[in-house]
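Structure assessment
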Amino acid sequence: MAKKSDYFGLGYIVSVILAIIPVTSWICGAITRFQEGKFVAGIIRLIFGFNIIWILDLIFMIFNKSICRLLNV
């Protein structure tokens, strides 16, 4: 069985494809953080997630199979 990745428990390849597209990475990253109960991190992703966090998410998704978690609040 394939290992689940970060966006909604989807597979690794699907999550990487979603991370490559800036808009889906922005939205999926924010929703993922809200689902984890990290509301401040979700709001910060909504505000700043369309630039540097998108690049960090892409790098982390490829190498760590997880989105970037800078703030754990």
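Everything that follows concerns the structure shown earlier in this document.
**Digging into the side chain of Asp 57**
Here Asp 57 shows up in helix H4 (residues 52–64). Looking at Asp 57, its side chain comes within polar contact range of the main-chain nitrogen of Cys 68, at 2.9 Å. Excluding residues within four positions of it along the chain, Asp 57 makes contact with Tyr 7, Ser 25, Arg 45, Ile 67 and Cys 68.

**Remarks on the packing of aromatic side chains**
Within the structure shown, the criterion is met by two aromatic pairs. With 5.6 Å between their ring centres and 85° between their planes, Trp 26 and Phe 50 make a pair best called edge-to-face. Of this pair, Trp 26 sits in helix H2 (residues 22–35) while Phe 50 is found in the loop between helix H3 (39–48) and H4, placing the two residues 24 residues apart along the sequence. Over the ring of Tyr 12 we find Lys 65; its NZ or CZ atom is 5.0 Å from the centre of that ring.

**Examining H3**
Every buried residue of H3 is accounted for by Ala 41, Gly 42 and Arg 45. One side of H3 carries all its buried residues, which in axial view fall inside an arc of 100°. For H3, the elements touching its buried residues are H2 and H4.

**What about the side chain of Arg 45?**
With respect to the helices and strands, Arg 45 occurs in helix H3. On the basis of relative accessible area, Arg 45 is assigned to the buried category, the value being 5%. There is a polar contact of 2.6 Å between the side chain of Arg 45 and the side chain of Asp 57. Contact partners of Arg 45, with chain neighbours within four places excluded, come to Trp 26, Gly 29, Ala 30, Arg 33, Ile 53, Asp 57, Ile 67 and Cys 68.

Reading the values: the criteria
Residues numbered from 1 in each chain as written. Predicted model: local features only at pLDDT ≥ 70, side-chain atom pairs only at ≥ 80, totals over all residues. Heavy atoms only, no water. Helix = DSSP H or I, 4+ residues; strand = E, 2+ residues; numbered from the N terminus. Polar contact = N/O pair within 3.5 Å; in protein donor to acceptor, adjacent residues only side chain to side chain. Contact = heavy atoms within 4.5 Å. Phe/Tyr/Trp six-rings, centres within 6.5 Å; stacked < 30°, edge-to-face > 60°. Lys NZ or Arg CZ within 6 Å of the ring centre and 35° of its normal. Buried < 20%, exposed > 50% of the residue type's maximum accessible area, 1.4 Å probe, protein only. Arc of directions from axis to C-beta.

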